[in-house]
Amino acid sequence: QSVLTQPPSVSGAPGQRVTISCTGSSSNIGAGFDVHWYQQFPGRAPKLLIYSDAYSDNNRPSGVPDRFSGSKSGTSASLAITGLQAEDEADYYCHSYDSSLSGSEVFGGGTKLSVL
Amino acid sequence: QITLKESGPTLVKPTQTLTLTCSFSGFSLSTSGVAVGWLRQPPGKALEWLALIYWDDEKRYSPSLRSRLTVTKDTSNNQVVLRMTNMDPADTATYFCAHRNSGYDHWGQGTLVIVSS
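So, a few notes on the structure that sits alongside this text.

Once that is clear, we can look at the nonpolar core. Among the nonpolar cores identified, the biggest contains 28 residues, and Trp38(B), Leu50(B), Val80(B) and Tyr95(B) are the most heavily contacted of them. At the level of secondary structure, the elements contributing two or more residues to this core comprise strand S3 (18-25), strand S4 (35-41), strand S5 (48-54), strand S7 (69-74), strand S8 (79-84), strand S9 (93-101) and strand S11 (111-115) of chain B. Apart from residues no more than four positions distant in its own chain, Tyr95(B) is found in contact with Glu6(B), Leu18(B), Leu20(B), Leu39(B), Arg40(B), Leu50(B), Met84(B), Met87(B), Gly110(B), Thr111(B) and Val113(B). If you look at the next biggest cluster of nonpolar residues, it comprises 22 residues, including Ile29(A), Val35(A), Cys94(A) and Val115(A).

Right, dumping it as structure tokens:
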């Protein structure tokens, strides 16, 4: 049981927009801690897709297309992907920090994105 | 260019201690603000955070695994070592080390550890 809750799967057709939610609580996302998102292909290491810092919840590392965006509201965060492409089919994870767990970092259970 | 690579045994027996080494380049763990984390992923399952060590030797551990984990750094050799005691088949997973900045921005390729007698 992950501290951060994600839907197990989402799907969309090419060109569409999809969102992946990450629901936490007042001790993690709701406390204002950073939320980061990762993309992972089978057999590969995760790749940082979106990161938060003191200035923005929607920062993209170099090379990540602006089709990917992150947002946060209350105790939840979301990853949005616009102009869906077949190559976006992967697993996506959210990541934050939890103050109730002795300074622990926490991940969501992951969401499998299928491009129809 | 930051790179990290995990090394260690592929197969360990139940109750044994696992020792994994993360060898990295492109940054120094003596630089203020730098940290290296360990994470794992059982086959077909989600990522799980294990531990984190900072440049100033501050350490953080997963609460559920704290009693079994030790993380240390060797700054001069650019390595971070993770020890996990009392290994169990449920610890079978791919273990990753990663550079921590805003998020984990650089990852090793991961090393599969199988726990079996």
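This paragraph deals with the layout of surface pockets. Put simply, the largest pocket is a space of about 390 Å³. Lining of the largest pocket is provided by 16 residues; of these, Gln1(A), Ser2(A), Val3(A), Glu48(B) and Trp49(B) occupy positions nearest its centre. Elements represented by at least two residues in the lining of the largest pocket include exactly strand S8 (104-107) of chain A together with S5 of chain B. With 4 residues, the single largest contributor to the lining of the largest pocket is S8(A). Taken together, the residues that form the lining of the largest pocket break down as 9 nonpolar, 5 polar and 2 charged. Space inside the second largest pocket adds up to approximately 330 Å³.

Time to look at the sheet that holds S3(B). Residue and element names in this part refer to chain B. Strand order in the open sheet formed by 4 strands is S1-S3-S8-S7, with antiparallel pairing between adjacent strands. Whereas interior strands pair on both sides, the edge strands pair on one side only; in this sheet they are strand S1 (3-7) and S7. Adjacent strand axes in the sheet meet at a mean angle of 20°, parallel and antiparallel pairs treated alike. Bridge analysis of S1 against S3 gives 5 bridges, and the strand direction is antiparallel. Across the sheet, Glu6 pairs through a bridge with Cys22, a residue of S3.

The next subject is the interface of chain A and chain B. Between chain A and chain B, the residue contacts involve 21 residues of the former and 18 residues of the latter. The largest share of the area that chain A buries against chain B comes from Pro46(A), Glu105(A) and Phe107(A), three residues that together contribute 35% of it. The tally of links between chain A and chain B comes to 1 salt bridge. With a shortest N-O distance of 3.0 Å, Glu105(A) and Arg100(B) are connected by a salt bridge. Taken together, the links from chain A to chain B amount to 6 residue pairs in polar contact (both at pLDDT 80 or more). When residues of the side of chain A that touches chain B are traced back to their parent elements, those giving at least two are strand S3 (36-40), strand S7 (90-98) and S8 of chain A. Considered class by class, the residues forming the side of chain A that touches chain B number 9 nonpolar, 9 polar and 3 charged.

What counts and what doesn't
- Residues numbered from 1 in each chain as written.
- Chains lettered and ligands numbered in written order.
- Predicted model: local features only at pLDDT ≥ 70, side-chain atom pairs only at ≥ 80, totals over all residues.
- Heavy atoms only, no water.
- Core = buried A, V, L, I, M, F, W, Y, C linked by side-chain atoms within 4.5 Å.
- Buried < 20%, exposed > 50% of the residue type's maximum accessible area, 1.4 Å probe, protein only.
- Helix = DSSP H or I, 4+ residues; strand = E, 2+ residues; numbered from the N terminus.
- Contact = heavy atoms within 4.5 Å.
- 1 Å grid on protein atoms, 1.4 Å probe; cavity = no way out; pocket = protein on both sides within 12 Å on 5 of 7 lines; lining within 4 Å.
- Points joined across faces, edges and corners; volume = space filled by probe spheres on them.
- Nonpolar A, V, L, I, M, F, W, Y, C, P; charged D, E, K, R; others polar.
- Pairing = 2+ DSSP bridges.
- Axes fitted to C-alpha atoms, helices over the stretch in contact; angles between N-to-C directions.
- Buried area = accessible area lost by both parts, 1.4 Å probe.
- Salt bridge = Lys/Arg side-chain N within 4 Å of Asp/Glu carboxyl O.
- Polar contact = N/O pair within 3.5 Å; in protein donor to acceptor, adjacent residues only side chain to side chain.

So far we have only geometry, and geometry alone does not tell us how the molecule works.
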